[in-house]
Amino acid sequence: MIRVAKVKPDSIATELDIRPGTLLLRINDHELRDGLDLLFYQAEDHVELEVETPGGGRLVYDIAKEPDEPLGLVPEPDKVRRCTNACPFCFVKGNPKARTLRPALYVKDDDYRLSFLFGHYVTLTNLREPDWERIFEQRLSPLYVSVHATDPDARLSMLKNPRSADIGEHLDRLWAGGVAVHAQIVLCPEVNDGAVLERTISDLYARGDAIASLSVVPVGLTAHNRDRGVRPLTAAECVETLRRIDVVRDTARSERGFGWCYAADELFLQAGLEPPGREYFDNLELESNGVGAISFLRDSVREGLEGLPRLDGTRIVLITGTSMAPSLTRLADEIADACGAEITACAVPNTLYGPMVTTAGLLPGADHLTALRRFADRDVALISRNALNEDDLFLDDMSLDDLRAALPRLEIWPSDNVIDVLNRE
């Protein structure tokens, strides 16, 4: 059973007077285990919903509706399925050891439900037989899988979990059940690069439509997990990896009509190269994992330049991480030429995770405050919306309101792509 957190206005649930706190027990005799069951079973055109009211009474609603019309019930968050691996490069293990951040940041997520719903990458090592059956029954496709290596020994050395060696069997079982996979490799030098990488790419490509895409991401380390036996890639190793990726991309374009294998932005940046344009990524939505995020940002900014209002005399500072600084500096010049504002891009080192973490989305509030004190006389500051959660809190629990209160003269606005905020009325 699942508990209702909210009821959407003007919905079927509102008409039925279903209240927050109600327990949802069954739909059409299917027991509801979590929010995914609710999504799946409410999609019928006839729904028999059994509930327990906050007062303890049992009711059954007989509902006729349009197919796929939601009931308007928002359940409480599900308990997250935890990771059972011990990867040395695990980013959760890269959090400060004293647990100074909010508890959710220390949760090692390896939940196939979140993979289907939100594109989270999972390893498949914690699936039980009922999980496999549910994946096939509800056709949870595609899933996003951290493969890392198809060589059993190499994958076992990375995940430290005996079940990790069965990745080939797991991928084949998913496809036999009609579930495709977007695969990922977190590339660790001297672990799954070189010949191991060649084998992984070859094995995954040979599976045809079972593997919808492959993303290659350089390992990311923090000041808190850099002593766990893995080192960052060198620039030369990144260049060599890009060469290997280009080889399979050429083959895929010739045989399948699209690139299939994609290098993360950070792989280009660590190689000292500018990430490619949006066309490189074949319109696949992989940017939440750092694959194409810079390209999509750059292209969306340039597409919106002509529509910018005149902002002559406005002084704007753009806060970014150190990896994005060169690209954002070039974009700042183009935006300034288009709207007449004075725009400065400010690269901010990360004091929470250390200098190896270079993305704006992982900058804590304290680092924003330190950086913006130098620009307190400017008119507007734009920060990455990815640095905030849904409650407008930074990773260190500083709120956006706290940041604004500390710099009252400065207008501070979260932004997805700079253009969205500058175009606001």
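An account of the accompanying structure is given in this report. Along each chain, the written sequence defines residue order, and numbers are assigned to residues from 1. Only residues with pLDDT of at least 70 are given local features in this predicted model, and only at 80 or more are side-chain atom pairs given and counted; all residues enter the totals for whole chains, interfaces and linings. The side-chain numbers reported here are obtained from all heavy atoms of the structure, hydrogens and water having been left aside.

**Looking at the overall build of the protein**
Counting from the N terminus, the helices are the DSSP runs of H or I reaching at least four residues and the strands are the DSSP runs of E reaching at least two. Looking only at helices and strands, one finds 14 helices and 15 strands in the protein. Its C-alpha atoms give the protein a radius of gyration of 24 Å, near enough to 22 Å, the size a compact globule of 425 residues would have. Its C-alpha atoms give the protein principal-axis dimensions of about 65 × 55 × 45 Å. Sequence-distant contacts in the protein: of pairs separated by 6 or more residues, those separated by 24 or more amount to 69%. Only carbon and sulfur atoms are counted for the fraction: they give 51% of the accessible area of the protein, which is about 19700 Å². Charge counting follows a simple rule: Lys and Arg are positive, Asp and Glu are negative, and His as well as the terminal groups are ignored. Working definition for charges: the position is that of NZ of Lys, CZ of Arg, CG of Asp or CD of Glu. In the protein, which carries 47 positive and 70 negative side-chain charges, the distance between the mean positions of the two groups comes to 6 Å. Every radius of gyration here is taken over C-alpha atoms, with the globule rule written as 2.2 Å times N^0.38, N being the number of residues. Two residues form a contact once any of their heavy atoms are found within 4.5 Å. Accessibility throughout is a Shrake-Rupley quantity obtained with a 1.4 Å probe, and a residue counts as covered only by protein chains that appear here.

**Let's talk about the sheet that holds strand β9 (residues 181-187)**
With parallel pairing, the five strands of this open sheet are ordered in space as β7-β8-β9-β10-β11. Edge positions in the sheet fall to β7 (121-122) and β11 (261-263), since each of these pairs with one other strand and no more. Two elements, strand β8 (residues 143-146) and β9, share four bridges in a ladder whose sense is parallel. Across the sheet, residue Leu143 finds its bridge partner in β9, namely Val181. Together, β8, β9 and β10 (211-218) form the strand contacts of helix α6 (residues 167-176), whose direction differs from that of β8 by roughly 170°. Only strands that DSSP links by at least two bridges are regarded as paired with each other. Lines fitted to C-alpha atoms define the axes, with helix axes restricted to the stretch in contact, and inter-axis angles between N-to-C directions lie between 0 and 180 degrees.

**Focus on the side chain of Thr241**
Residue placement: Thr241 occurs in helix α8 (residues 235-256). With relative accessibility at 5%, the residue Thr241 sits in the buried group. We call two N or O atoms a polar contact when they sit within 3.5 Å, provided that within protein one can donate a hydrogen and the other can accept it, with sequence-adjacent residues counted only if both atoms are side-chain atoms. Polar side-chain contacts of Thr241 include one of 2.9 Å to the backbone oxygen of Glu237. Apart from residues lying up to four places away in sequence, Thr241 is in contact with Leu187, Leu197, Val216 and Leu267. To sort residues, take the accessible area from a 1.4 Å probe on protein chains only and compare it with the maximum for the residue type: under 20% means buried, over 50% means exposed, and anything in between is partly exposed.

**As for the packing of helix α10 (residues 293-304) against helix α11 (residues 325-339)**
Relative to each other, α10 and α11 sit at 5°, their axes nearing to 11 Å. In this view, α10 runs roughly parallel relative to α11, as classed from their interaxial angle. Between α10 and α11, the residues in contact are Ile294, Arg298, Val301 and Arg302 and Ser327, Leu331, Glu334 and Ile335, respectively. Classifying every residue of the contact of α10 with α11 gives four nonpolar, one polar and three charged. When describing relative orientation, an angle under 35 degrees is termed roughly parallel and one over 145 degrees roughly antiparallel, while 65 to 115 degrees is termed roughly perpendicular and anything else oblique. Here the nonpolar group is Ala, Val, Leu, Ile, Met, Phe, Trp, Tyr, Cys and Pro; Asp, Glu, Lys and Arg are the charged ones; every other residue, Gly included, is treated as polar.

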